[in-house]
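# Descriptive structure summary
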Amino acid sequence: MAAAADSLLKSGEVSAMIRQGFLSPSSTPFSSSRFSPQHPSPPFSSPPPSSSFSSSSPSSSSSSSFSSSSHPSPLTPPTTLFDMIARENQAHRPSAEADHNEKRLRLQERIARVLAGARPDWGPGDVELSVSSGDGFRVSMGVHRRVLAAGSRFFAENLGRRGGVVEICECDDVEVYVEVVAMLYCGDLRRRLCGEGAKRVLGLLKVSAAIMFDAGVTACLEHLEAIPWSEEEEEEVVSVLSQLQLRDPVAEVLQRVLVESSSSSRADAIFLRLLAGVLQSKDEKARRDMKALMLGLLREDNAQTGELTDRIDVSRETLYHLCHKCLSSLLVSVTDAAMLDENRRDDRGNLMAEIAHEADNIQWLFQILISKKIADEFVMLWAEQKELADLHGKIPSIFRYEISRITALLCIALGKGEVLVSKEARFAVLSTWLDALYEDFGWLKRACRGLDKRMVEEGLCQMILTLSMVQQQVVLLRWFDRFLKKGDECPNLQRAFQVWWRRSFVRRFVGEEEGGGQYPSDLQIVVCDQSA
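Residues numbered from 1 in each chain as written. Predicted model: local features only at pLDDT ≥ 70, side-chain atom pairs only at ≥ 80, totals over all residues. Heavy atoms only, no water.

As named in an unreviewed UniProt entry, the protein chain is BTB domain-containing protein, taken from Dendrobium chrysotoxum. Regarding the protein chain, the relevant UniProt record gives this comment under Pathway (unreviewed entry): "Protein modification; protein ubiquitination." (UniProt positions renumbered as here; feature names shortened; annotations may be inferred.)

See below:
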């Protein structure tokens, strides 16, 4: 039996079997032991109360109590399951203890160097400071009462005149606590913190605040104010400073992240300025980069809120003011292109660039409107551009295909349900711009980077199928004739045509005209004569 038990012990299966419920520990007798620290203390993240602080003379230092309910005979080999588990766990203890010992020696050597460099003539410390963490790691050091009391109001209030033994338990990070003790001996804290990152300094700040080490708190705050932060560090800095509820120095640190109310009220004016700068830029690469940047930030804002109330409060009027302005500029450029004669061929390239520039601006503004969920008004605005649509057919395709890209993007958005408008508005857009889109579709496929013709065709199909049956018939019969003449130069709307055909001739849902056009209902109303 002993051999079998040793085999299980070596394989590490005993504790696993108990954890998985195959063995019951309650049926096995065992002996228990408990270690109770004599002077418990709260974690260092908040100032420990005076009642949890212990101080005694070195001659009467605290001792730990160890109690055991039973003492097995040394001649009796362990036979209980818990004894076997204990032996199994002991196999893993040497490496952990070795790591703790190495870390403890390193910290004790560090504090010894600090003490030796501070005032060598002071001699050994008169206070034994013991710091321990929740996992049992403990470091003890001899420090000087005069230094602790001079730098820390907490130690000044709680240390006796003769010093003694101080225990601080359940610390989150013993190494950080030892570093703060070393800071108490340092004359130039700013120099000492030079090179430290935000996360490290936040740990030192929390301990300094916990022991009321005012000079340490000030040094940490000044360091945080001066160094750069990553976005993750920024959130942690704001969180820690909010929890500590420190006074004046915190405002200086948080100025880089807190927006004043007067600044937020000017958001619309700032946004208008930025948009106008992008729309008017002549450097195509810089303009393209800034368009992508601002659109990405707006989409990020909308995704984070998940609501119609964005953090970036830019008015609908501002965006549509820019839309009207760009449409007016586009109309002027297209009018000039339509009137261009053979003697002004030098102006051809400039006009092409102006039309493409303004059309691209409108496409970008439309994407912004979609991201802010206020693009519904743009649908009717685009449908009303009949003069622009008439001039569109009078200029070469190389001038105009970027204008048709606006229609393509709008159809994709409507087909996906990203913009919700009435069927009259949807039909009006197609009535004004669908023929122009048919004419330019070949150019769109070949010349427009980033435009997927399948997405355009799918958006058109979905959009058409949201119209009334009468409107579907008008649009799809005209497409049928166009597709027979143009082939691949025309969008392929066969899927929409098939659905319309089945709706019209296969799965016919015929409305009844009886009942004066009222909605059909299976409900029956029975009037009972109460006098009967």
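### A look at the pairing of strand S3 (residues 127-133)
For S3, the buried fraction is high: 6 of the 7 residues fall into the buried class. With 6 bridges connecting them, S3 and strand S4 (residues 138-143) associate as antiparallel partners. Note on S4: the bridge partner recorded for Val-131 is Val-139. Connecting S3 to the next strand, S4, in antiparallel fashion are 4 residues, including Gly-136 with a positive phi near 95°. (Buried < 20%, exposed > 50% of the residue type's maximum accessible area, 1.4 Å probe, protein only. Helix = DSSP H or I, 4+ residues; strand = E, 2+ residues; numbered from the N terminus. Pairing = 2+ DSSP bridges.)

### Comments concerning the sheet that holds S3
The sheet built from 3 strands is open, its strands ordered S4-S3-S5 with mixed pairing. What marks the edges here is a single partner per strand, and that holds for S4 and strand S5 (164-171). On average, each strand axis in the sheet is tilted by 15° relative to the strand beside it, whichever way the strands run. Bridge count between S3 and S5: 6 bridges; the pairing is parallel. By the bridge assignment, Glu-128 is partnered in S5 with Val-165. On the sheet, helix H7 (residues 174-184) packs against S3, S4 and S5 and is oriented at approximately 150° with respect to S3. (Axes fitted to C-alpha atoms, helices over the stretch in contact; angles between N-to-C directions. Contact = heavy atoms within 4.5 Å.)

### A closer look at helix H22 (residues 453-465)
Taking 1.5 Å as the rise per residue, H22 with 13 residues should run 18 Å; its terminal C-alpha atoms sit 18 Å apart, in good agreement. When H22 is considered as a whole, its buried residues turn out to be Val-456, Glu-457, Gly-459, Leu-460, Cys-461, Met-463, Ile-464 and Leu-465. Considering only its buried residues, H22 is in contact with helix H20 (397-416), helix H21 (423-447), helix H23 (469-486) and helix H24 (494-506). Between the side-chain oxygen at the start of H22 and the backbone nitrogen of Arg-454 there is a gap of 2.9 Å, and the oxygen is on Asp-452. (Expected span 1.5 Å × (residues − 1). Polar contact = N/O pair within 3.5 Å; in protein donor to acceptor, adjacent residues only side chain to side chain.)

### Some remarks on the packing of helix H16 (residues 316-338) against helix H18 (residues 376-383)
Closest axis-to-axis distance for the H16/H18 pair is 11 Å, and the angle between their directions is 20°. Taken as axis vectors, H16 and H18 run roughly parallel relative to one another. Of the two elements, H16 crosses H18, and the hand of that crossing is right-handed. For the pair H16 and H18, contact is made by Arg-316, Tyr-320, Cys-323, His-324 and Leu-327 and by Asp-376, Glu-377, Phe-378, Leu-381 and Trp-382, respectively. Among the residues forming the contact of H16 with H18, the class breakdown is 6 nonpolar, 1 polar and 3 charged. (Parallel < 35°, antiparallel > 145°, perpendicular 65-115°, else oblique. Left-handed = near helix turned anticlockwise from the far one by under 90°. Nonpolar A, V, L, I, M, F, W, Y, C, P; charged D, E, K, R; others polar.)

### Digging into H18
Those residues of H18 not exposed but buried are Phe-378, Val-379, Leu-381, Trp-382 and Ala-383. Where H18 is buried, its residues meet H16, helix H17 (348-371), helix H19 (386-392), H20 and H21.

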